[in-house]
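Structural description and commentary
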Amino acid sequence: MIQVNAMGDTCPIPVVKTKNAIKELGEAGGVVETLVDNEISVQNLTKMANQKGYGVKSEKLGENQFKVTMTVGEGAARIGENEPTECIVPSGREKNVVVAVSSDAMGLGSEKLGKTLLKGFLYALGQQDVLPRTILFYNGGASVTCEDSASLEDLKSLEAQGVEIMTCGTCLDFYGLTEKLKVGEITNMYTIVEKLTGADLVVKP
């Protein structure tokens, strides 16, 4: 049995941690217990287990403390095996996916929530089987690649895996961030347009 502590973690971290634990079980399968502190995480984990065909049960241990137990059968630990990967085109060539980040927050509404969502998005992006080829940061998104950004480690990990991290130089200059860039390279609008128009798929969180 493997126990995963995802207390205090926000979506999608509990699911990612649990998937990684299931991979560790190997071909023999086994049991993974995940501790979380909110019902949304319980629902996300239960949905994932049902989609994969794992046995799953959950229980409330106390105030803001839940345990989700998954039973993985023999051979079922191979997450993603024999499943279609959306980022592969029929010719076998990897699809050129470009992620465009134009703000330091994801979506409209609460700015604080938006920042948390963007951090979760970038973390989850690095956990995918097929990574984007390029991530572009411009306008308010320029600060995400700079000093004090909560996503620096996730972006450095993506860069280490071969993902291009490119930030608009005009934007860095406008916000006074040029000297604070901590990951990736400075780019220009011509290259940004070239990357966007040459992409098979553009994802904008």
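Residues numbered from 1 in each chain as written. Predicted model: local features only at pLDDT ≥ 70, side-chain atom pairs only at ≥ 80, totals over all residues. Heavy atoms only, no water.

**Looking at the pairing of strand β2 (residues 30-36)**
Counting buried positions over the 7 residues of β2 gives 5, a clear majority of the element. Alignment of strand β1 (residues 2-5) against β2, held across 4 bridges, turns out to be parallel. Residue pairing in the sheet places Q3 in a bridge with E33 of β2. Note on the crossover from β1 through helix α1 (residues 13-25) to β2: the handedness is right-handed. Bridge analysis of β2 against strand β4 (residues 65-72) gives 7 bridges, and the strand direction is antiparallel. Among the inter-strand pairings, E33 is bridged to a residue of β4, identified as T69. (Buried < 20%, exposed > 50% of the residue type's maximum accessible area, 1.4 Å probe, protein only. Helix = DSSP H or I, 4+ residues; strand = E, 2+ residues; numbered from the N terminus. Pairing = 2+ DSSP bridges. Right-handed = clockwise from strand over helix to strand, strands pointing away.)

**Remarks on the packing of aromatic side chains**
Applying the stated criterion across every chain yields a total of 1 aromatic pair. Ring geometry for F174 versus Y175: centroids 5.1 Å apart, planes at 85°, classification edge-to-face. (Phe/Tyr/Trp six-rings, centres within 6.5 Å; stacked < 30°, edge-to-face > 60°.)

**Points about helix α2 (residues 39-52)**
Under the 1.5 Å per step criterion, the end-to-end length of α2 is 20 Å for 14 residues, consistent within 8% with the ideal 20 Å. Along α2, the residues classified as buried are S41, V42, L45, M48 and A49. One side of α2 holds all its buried residues, which, seen down the axis, span an arc of 130°. Turned more than 90 degrees from where α2 packs its buried face, I40, K47, N50 and Q51 sit exposed. Check the buried side of α2 and you find it contacts α1, β2, β3 (55-62) and β4. (Expected span 1.5 Å × (residues − 1). Arc of directions from axis to C-beta. Contact = heavy atoms within 4.5 Å.)

**Considerations on the pattern of salt bridges**
Evaluated as defined, the whole model comprises 7 salt bridges. Between K115 and E111 there is a salt bridge; the shortest N-O distance is 3.7 Å. Here the residue K115 and the residue E111 both occupy positions in helix α3 (residues 111-125), the gap between them amounting to 4 residues, near one helical turn. Here the salt bridges do not stand alone but share partners, grouping E33, E59 and K67 into one network. (Salt bridge = Lys/Arg side-chain N within 4 Å of Asp/Glu carboxyl O.)

**A word on the environment of Q161**
Its location among the elements puts Q161 in the loop between α4 (152-160) and β7 (164-168). The exposure class of Q161 is partly exposed, given its relative accessible area of 44%. Residues Q161 and G126, 35 residues apart in the sequence, show an inter-C-alpha distance of 8.7 Å. The contacts of Q161, once residues within four sequence positions are left out, are G126 and L131.

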